[in-house]
Amino acid sequence: MSATTDPGLDYVNPAAAYGFDASYRDASPNWDIGRPQRAFVALAEAGRIGRRVIEVGCGTGELSLFLARRGHEVVGVDVAPTAIRQAREKARWRRVRAHFLVWDALRLDALGVTADTVVDSAMLHCLGPAERRLATEAIRRTLRPDGWYFLVCDARGDDVAPTWASLSRADLRDLFTPERGWELAFVADTVFERRGTRNPAFLVGARRTR
């Protein structure tokens, strides 16, 4: 699997990128911990991640680079140009073959790449309800039949009022339905690590069924 790194073919809404890009300009955001989240390491070591991988919301690329070192063909996308520039620099200095693009996950299928697996380290939970539906539909169309979407997101109880950057089990059941072409295979308790904190999170596995 390959994707161009020609900035002229990058595809993103600049307004959507502004806030996230600012987080990377002067210092690393607290979710950039210098390594992949442990839940994804465990999935990779268990052989659950397919060969052809797209990471949505890749940030500075630690998960993508980890998977590429393990032999996966990886494309990482993010709306933040500064984060993608840093990811490309890491790939070059570490001599890891991974591709990184400034791209909007809501239009992931426009990338023209088919993946066995899409991984998401806390991107989906940053979107509003309508955007989540657009993103998961674009992700579904990008996956091969029976392909997997693995997501780590901050967890919220079903009886807790909605907040930004969290998802409940009810939210997940609503997103990943048979009618929308998904099987919600599991929602497991885990943690999302930030520098200095470990937040309750869900590890989600959803399979494309059509």
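Summary of the structure given here. Just so it is clear, the model here is predicted, and its values are computed rather than measured.

## Comments concerning the environment of Gly61
Examined against the element boundaries, Gly61 turns out to sit in the loop between β1 (52-56) and α3 (62-69). Those residues within four positions of Gly61 in sequence are excluded, and the remaining contacts are Ala87 and Phe100.

## Side note on unusual backbone geometry
The phi torsion at Ala122 lies on the positive side, around 70 degrees, for a residue other than glycine. Residue placement: Ala122 occurs in the loop between β4 (115-121) and α5 (129-142). In this structure Ala122 comes out as buried when scored by relative accessible area, which is 12%. At Asp146, a position not held by glycine, the phi torsion is positive, near 70 degrees. Looking at the secondary structure, you find Asp146 in strand β5 (residues 143-156). Using a relative accessible area of 40% as the deciding quantity, one classes Asp146 as partly exposed.

## Some details on the packing of aromatic side chains
Overall, the coordinates contain six aromatic pairs when judged by the stated rule. Geometrically, the ring pair formed by Trp148 and Phe150 is stacked, given 5.5 Å between the ring centres and 10 degrees between the ring planes. The pair Trp148 / Phe150 is uniform in exposure class, with both members buried. Their ring planes at 45 degrees and their centres at 6.1 Å tell us that Tyr149 and Trp182 sit as a pair that is tilted. With Tyr149 in strand β5 and Trp182 in strand β7 (residues 182-194), this pair connects stretches of sequence that are 33 residues apart. Note on Trp182: relative accessible area 1%, which makes it buried. The ring of Trp148 has Arg48 sitting right over it, with the charged end atom 5.1 Å from the ring centre.

## Structural notes on helix α2 (residues 38-45)
Every α-helix carries 3.6 residues per turn, so stepping three or four residues along brings you back to the same face. Ala39, Phe40, Leu43 and Ala44 are the residues of α2 that are buried. Burial along α2 is one-sided: seen end-on, the buried residues are contained in an arc of 135 degrees. Structural note: α2 exposes Arg38 and Glu45 on the side pointing more than 90 degrees away from its buried face. Along its buried surface, α2 packs onto α3, β4, β5, β7 and β8 (197-208). Just beyond α2, the residue with positive phi is Gly47, at close to 75 degrees.

## Comments concerning the pattern of salt bridges
Under the defined criterion, the tally for this structure stands at 20 salt bridges. A salt bridge links Arg38 to Glu193; the nearest nitrogen and oxygen atoms lie 3.1 Å apart. Of the two residues, Arg38 is situated in helix α2 and Glu193 in strand β7; the sequence distance between them amounts to 155 residues. When salt bridges with common partners are traced through the structure, they connect Arg35, Arg38, Glu193 and Arg198 into a single cluster.

So, how was this worked out
Residues numbered from 1 in each chain as written. Predicted model: local features only at pLDDT ≥ 70, side-chain atom pairs only at ≥ 80, totals over all residues. Heavy atoms only, no water. Helix = DSSP H or I, 4+ residues; strand = E, 2+ residues; numbered from the N terminus. Contact = heavy atoms within 4.5 Å. Buried < 20%, exposed > 50% of the residue type's maximum accessible area, 1.4 Å probe, protein only. Phe/Tyr/Trp six-rings, centres within 6.5 Å; stacked < 30°, edge-to-face > 60°. Lys NZ or Arg CZ within 6 Å of the ring centre and 35° of its normal. Arc of directions from axis to C-beta. Salt bridge = Lys/Arg side-chain N within 4 Å of Asp/Glu carboxyl O.

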